[in-house]
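Examination of the molecular architecture
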Amino acid sequence: MILIGQQERVLIVGPTEVHHCLRCQTETEFAPQLRYKMTRIDLLFGFVYQRRYELACTGCEHGWVLDTESMDQQLGGVPIPWRHRFGLPVMLVVVAGVAVAGWMWRMGHGGI
Ligand SMILES: [Zn+2]
């Protein structure tokens, strides 16, 4: 059975910084994080369709949106597991490979 669903995940991508939080009315720790939404296929694979970096207060989650391109460069890549980013194309390749293998097996045995 294949399970398909949607999921939102948050990854902390760096050390926290201390800032004044307007909502907490105090100095708190802010964590740079990557929030992404993905379509989940099974429990292993997924396909990320939206992502953004945020600097968010660890107390109330209030924060700023960071520039995606400059954060990617700063981190030296996109810190999302490859099976979440490329799960859908990988699955399609696997399915196509199985279909081609089955077709070749049938051709090799002279049947349809
Ligand atoms: Zn706060």
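For clarity, every value in this text was computed on a predicted model and none was experimentally measured.

Thresholds, definitions, all that
- Residues numbered from 1 in each chain as written.
- Predicted model: local features only at pLDDT ≥ 70, side-chain atom pairs only at ≥ 80, totals over all residues.
- Helix = DSSP H or I, 4+ residues; strand = E, 2+ residues; numbered from the N terminus.
- Rg over C-alpha atoms; globule rule 2.2 N^0.38 Å.
- Core = buried A, V, L, I, M, F, W, Y, C linked by C-beta atoms within 7 Å.
- Buried ≥ 20, exposed ≤ 12 C-beta atoms within 10 Å, placed from the backbone.
- pLDDT = per-residue confidence, 0-100.
- Expected span 1.5 Å × (residues − 1).
- UniProt positions renumbered as here; feature names shortened; annotations may be inferred.

Our focus in this paragraph is the overall build of the protein. A tally of helices and strands in the protein yields 3 helices and 5 strands. When the helices and strands of the protein are listed from N to C terminus, the series reads β-β-β-β-β-α-α-α. Here the C-alpha atoms of the protein give a radius of gyration of 21 Å, more than 25% beyond the 13 Å that 2.2 N^0.38 yields for 112 residues. In terms of overall dimensions, the protein has C-alpha extents of about 75 × 30 × 15 Å along its principal axes.

By size, the foremost hydrophobic cluster in this structure holds 5 residues: Leu34, Tyr36, Met38, Tyr53 and Met71. If you tally residues by element for this core, the top one is strand E3 (residues 26-41), at 3 residues.

On to the confidence of the model for the protein. Looking at the protein as a whole, its pLDDT mean stands at 89, while 96% of the residues score no less than 70. For the protein, the element scoring lowest by mean pLDDT is helix H2 (residues 82-85), at 84; strand E2 (residues 17-21) scores highest, at 95.

Glancing now at helix H3 (residues 87-108). Helix length check: H3, at 22 residues, gives a terminal C-alpha distance of 31 Å against a target of 32 Å (1.5 Å per residue), a fit within 8%. H3 sits mainly on the outside: 1 of its 22 residues count as buried.

With that settled, consider the UniProt feature "transmembrane region" (unreviewed entry) in the protein. Following the UniProt record, the feature "transmembrane region" (unreviewed entry) maps to residues 86-105 here. With 95% helix and 0% strand, the stretch residues 86-105 has end C-alpha atoms that lie 28 Å from each other.

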